[in-house]
Amino acid sequence: VIKFFNNEPIDAPLVEHAAMTLALKAGITVAQTQVIQLAGFHAVAIKRFDRHQGQRIHCLSAGTALRAATPVGQEPQMSYPALARLLRRAGVKHNNVNLQDARELFRRMVFNILIDNTDDHEKNHALVRGEDGFYALSPAFDVLPAAQGLGYQQMRVGAQGHESSMLNALSEVRAFGLTDTQARGIAAEIAKQVAQWQDVFKRQNVRDADVEELALYLDGAQ
């Protein structure tokens, strides 16, 4: 897939690898990525989390899980708070994994807003089925800046709908099992990491021209 910023092709694989590296620094569990140098361009290899010792592990997209959990006749809510509530209810109870997953989902939501990853639809979140029949949040994947400045996320964020703002992200924190103080602390921690995105991207060999273009969206007024 070739992506364009202002009609110019960018090295999207390097940008994706760098964004996943930044997400890891922000305390997010991510799928392992590796950059592969090919003739004249890069590719990014992503380690599958739905395989173990050659055997397939059953996974569901967030969209499938939310639809399955919605009573007949009602419209499913494709939102971060709804997915967090589902994780807390149907997630792995052992060692409070379900609560940890709900809180990690909040972390991912904030991170996506701050790096302008607006392609965060319900198929870009997944649940992994354990042997006990309960589900855990999969590692994060397909996380990178969209560089479009849309101002809204694909998944509903909070009380202000899909709006890409910290005010909206902090509006329904109880769904994630967080207090207002805890949520604000997490958001501040992630913001501190994201503020260093240019250094992280450059260390991952993202081109200066691509960093300058991304800065219009990650560091701009929007």
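Every value quoted in this text rests on a predicted model; they were computed, and no experiment measured them.

A. Spotlight on the overall build of the protein. Of the regular secondary structure elements, the protein holds eight helices and nine strands. Along the first, second and third principal axes, the C-alpha set of the protein runs to 50 × 45 × 35 Å. Taking all 222 residues of the protein together, 47% fall into the buried category. Across the protein, every contact between residues at least 6 apart in sequence was considered, and the portion connecting residues at least 24 apart equals 65%. With 23 positive and 24 negative side-chain charges, the protein shows a spacing of 9 Å between the two charge centroids.

B. Fine view of helix α4 (residues 97-114). The first and last C-alpha atoms of α4 sit 26 Å apart over 18 residues, in line with the 26 Å expected at 1.5 Å per residue. For α4, the tally of buried residues reaches 13 of 18 residues, placing the bulk of the element in the interior. Directly beyond the C-terminal end of α4, a positive phi value near 65° is found at Asp116.

C. Representation of helix α3 (residues 80-90). Turning to α3, its buried residues number three or more, namely Tyr80, Pro81, Ala82, Leu83, Ala84, Leu86 and Leu87. Each element contacted by the buried residues of α3 is listed here: α2 (62-68), α4, β8 (126-129) and β9 (135-137). The N-cap of α3, judged by a side-chain oxygen 3.0 Å from the amide nitrogen of Ala82 a few residues on, is Ser79.

D. Seen up close, empty space enclosed by the protein. Overall, the coordinates contain one cavity of 30 Å³ or more when judged by the stated rule. The computed volume of the largest cavity comes to approximately 110 Å³. If you trace the largest cavity, you find 14 residues lining it, with Asn112, His125, Ala140, Phe141 and Val143 closest to the centre. The leading source of residues in the lining of the largest cavity is α4, at three residues.

E. Layout of the pattern of salt bridges. Summed over all chains, the structure comprises eight salt bridges. Linking Arg48 and Asp50 is a salt bridge whose minimum nitrogen-to-oxygen distance equals 2.8 Å. Given a relative accessible area of 52%, Arg48 falls into the exposed group. Judged by its relative accessible area of 13%, Asp50 falls in the buried class. Residue Glu172 pairs with Arg156 through a salt bridge whose shortest N-O separation is 3.3 Å. With Glu172 in the loop between α5 (166-169) and α6 (180-194) and Arg156 in the loop between β9 and α5, the pair connects residues that are 16 residues apart, well separated along the chain. Note on Glu172: relative accessible area 21%, which makes it partly exposed. Arg156 gets classed as buried once you look at its relative accessible area, which sits at 19%. Salt bridges here are not isolated pairs; linked through shared partners, they connect Arg48, Asp50 and Arg51.

F. The pairing of strand β3 (residues 33-38), seen in detail. Two elements, β3 and strand β4 (residues 41-46), share six bridges in a ladder whose sense is antiparallel. Within β4, the residue paired with Gln37 across the bridge is His42. Hairpin remark: β3 followed by β4, antiparallel, with two residues in the connecting loop; positive phi at Gly40, about 90°.

G. Inspection of the packing of aromatic side chains at higher detail. Considering all chains together, one arrives at three aromatic pairs under this definition. Consider the rings of Phe106 and Phe176, whose centres lie 5.4 Å apart with planes at 65°: the pair is edge-to-face. Here the residue Phe106 occupies a position in helix α4, and Phe176 occupies one in the loop between α5 and α6, the gap between them amounting to 70 residues. For the pair Phe106 and Phe176, a shared accessibility class is recorded, and that class is buried. Aromatic side chains Trp197 and Phe201 sit 5.2 Å apart centroid to centroid with 85° between the ring planes, which places their arrangement in the edge-to-face category. Pair noted here: Trp197 and Phe201 are both in helix α7 (residues 197-203), with a separation of four residues, about one helical turn. Given a relative accessible area of 1%, Trp197 falls into the buried group.

Rules of the game
Residues numbered from 1 in each chain as written. Predicted model: local features only at pLDDT ≥ 70, side-chain atom pairs only at ≥ 80, totals over all residues. Heavy atoms only, no water. Helix = DSSP H or I, 4+ residues; strand = E, 2+ residues; numbered from the N terminus. Buried < 20%, exposed > 50% of the residue type's maximum accessible area, 1.4 Å probe, protein only. Contact = heavy atoms within 4.5 Å. Lys, Arg positive; Asp, Glu negative; His and termini not counted. Charge placed at Lys NZ, Arg CZ, Asp CG, Glu CD. Expected span 1.5 Å × (residues − 1). Polar contact = N/O pair within 3.5 Å; in protein donor to acceptor, adjacent residues only side chain to side chain. 1 Å grid on protein atoms, 1.4 Å probe; cavity = no way out; pocket = protein on both sides within 12 Å on 5 of 7 lines; lining within 4 Å. Points joined across faces, edges and corners; volume = space filled by probe spheres on them. Salt bridge = Lys/Arg side-chain N within 4 Å of Asp/Glu carboxyl O. Pairing = 2+ DSSP bridges. Phe/Tyr/Trp six-rings, centres within 6.5 Å; stacked < 30°, edge-to-face > 60°.

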